[in-house]
Amino acid sequence: MRLVVVSIGRLKQGPEQELAERYRERFEDIGRKLGFRGLAIQEIPESRARDTATRISEEAAAIAAAIPEKAVLVALDEHGKSIDSATFARQLGQWRDEGIASTIFAIGGADGLSPDLQRKAKLRIAFGSATWPHQMVRVMLLEQIYRAATILAGHPYHRA
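Residues numbered from 1 in each chain as written. Predicted model: local features only at pLDDT ≥ 70, side-chain atom pairs only at ≥ 80, totals over all residues. Heavy atoms only, no water.

## Details of the overall build of the protein
Then step 1. Along the protein, the regular secondary structure elements total five helices and five strands.
Then step 2. For the protein, the N- to C-terminal ordering of α and β elements is β-α-β-α-β-α-β-α-β-α.
Then step 3. Over its C-alpha atoms the protein spans a radius of gyration of 15 Å, differing by no more than 12% from the 15 Å that the globule rule assigns to 160 residues.
Then step 4. Overall size of the protein, expressed as C-alpha extent along the three principal axes, is 50 × 35 × 25 Å.
Then step 5. Counting all 160 residues of the protein, 45% fall into the buried class.
Then step 6. If you take every contact in the protein between residues at least 6 apart in sequence, the share linking residues at least 24 apart comes to 83%.
Then step 7. Of the roughly 8,700 Å² of accessible surface on the protein, a fraction of 48% belongs to carbon and sulfur atoms.
Then step 8. Here the protein carries 23 positive and 20 negative side-chain charges, and the mean point of each set is 4 Å from the other. (Helix = DSSP H or I, 4+ residues; strand = E, 2+ residues; numbered from the N terminus. Rg over C-alpha atoms; globule rule 2.2 N^0.38 Å. Buried < 20%, exposed > 50% of the residue type's maximum accessible area, 1.4 Å probe, protein only. Contact = heavy atoms within 4.5 Å. Areas by Shrake-Rupley, 256 points an atom, 1.4 Å probe, with all protein chains shown as cover. Lys, Arg positive; Asp, Glu negative; His and termini not counted. Charge placed at Lys NZ, Arg CZ, Asp CG, Glu CD.)

As C-alpha cells, this is what we get:
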C-alpha cells in the first residue's frame, strides 16, 4: 500500500520541514519491510480566492484530483476522532492486508476541508481538540505514520 499526504500549502525550509523529512525517511526504512510501497508528500498551493467558500471549493477540487480511484481517504479534521497510536496502526495494517492500493491523508487549508471531502473520508482524525498550524499537523501525522509502522513491526519505538 502506498501512503500519500496531500496538503494545502507548503512547508518552508526550517525545522518543521527537517522534522517532517526525518519521519518520512524513517518510515521508508521500516515501511518497505511491512509491505508499504512508500510515503509521498504532495503539496497543493493555497487558493487565492477572496471568499471562504470559493477557497474551500478550489482546494477541495485540487485535493480530489490527487486521490486515485479506489484509494482510502483519511481526512485530518479538528472535528474528527481522536484515536490512539495502536488503533491507528491497526487500521493502516488492516487496509494494507485488504489490498488497498493507496491511502491518502488530506490536510486542508486554513479554512478546512470541504464537507464533500469529509463525507468521502473513510476516517476523520484529529490531534486533540486544539487547533494546530498546518505545518505542525503534517509533522504530527508523519510521526504517527512512522509510529504505526514501528508498532506493526514490533519495534521498541512505541512504548505504551
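## Some thoughts on the nonpolar core
Then step 1. In this structure, Leu3, Leu92, Phe105 and Ile145 are the most contacted members of the largest nonpolar core, which totals 31 residues.
Then step 2. Among the secondary structure elements, those contributing two or more residues to this core are strand S1 (2-8), helix H1 (15-31), strand S3 (72-81), helix H3 (85-97), strand S4 (102-107), strand S5 (123-125) and helix H5 (134-153).
Then step 3. Top contributing element to this core by residue count: H5, with eight residues.
Then step 4. Core analysis: the next-biggest nonpolar cluster, separate from the first, contains 15 residues, Ala40, Ile63, Leu73 and Ala106 among them. (Core = buried A, V, L, I, M, F, W, Y, C linked by side-chain atoms within 4.5 Å.)

## Comments concerning H5
Then step 1. For H5, built from 20 residues, the straight-helix expectation of 28 Å at 1.5 Å per residue is met to within 8% by its first-to-last C-alpha distance of 29 Å.
Then step 2. Just downstream of H5, Gly154 is the residue with a positive phi angle, here 75°. (Expected span 1.5 Å × (residues − 1).)

## Points about the packing of aromatic side chains
Then step 1. With the rule as written, the count across this model stands at four aromatic pairs.
Then step 2. Their ring planes at 55° and their centres at 6.1 Å tell us that Phe88 and Phe105 sit as a pair that is tilted. Here Phe88, found in helix H3, pairs with Phe105, found in strand S4; they are 17 residues apart in sequence, far enough to count as distant. (Phe/Tyr/Trp six-rings, centres within 6.5 Å; stacked < 30°, edge-to-face > 60°.)

## A short note on the packing of H1 against H5
Then step 1. Packing of H1 against H5 brings their axes to within 9 Å, and their N-to-C directions diverge by 20°. By the criterion of interaxial angle, the relationship of H1 to H5 is roughly parallel. Crossing of H1 over H5 shows left-handed handedness. For the pair H1 and H5, the contacting residues are Glu16, Leu19, Ala20, Tyr23, Arg26, Phe27 and Ile30 in the first and Gln135, Met136, Val139, Leu142, Glu143, Ile145, Tyr146, Ala149, Thr150 and Ala153 in the second.
Then step 2. Here the contact of H1 with H5 is composed, by residue class, of twelve nonpolar, two polar and three charged. (Axes fitted to C-alpha atoms, helices over the stretch in contact; angles between N-to-C directions. Parallel < 35°, antiparallel > 145°, perpendicular 65-115°, else oblique. Left-handed = near helix turned anticlockwise from the far one by under 90°. Nonpolar A, V, L, I, M, F, W, Y, C, P; charged D, E, K, R; others polar.)

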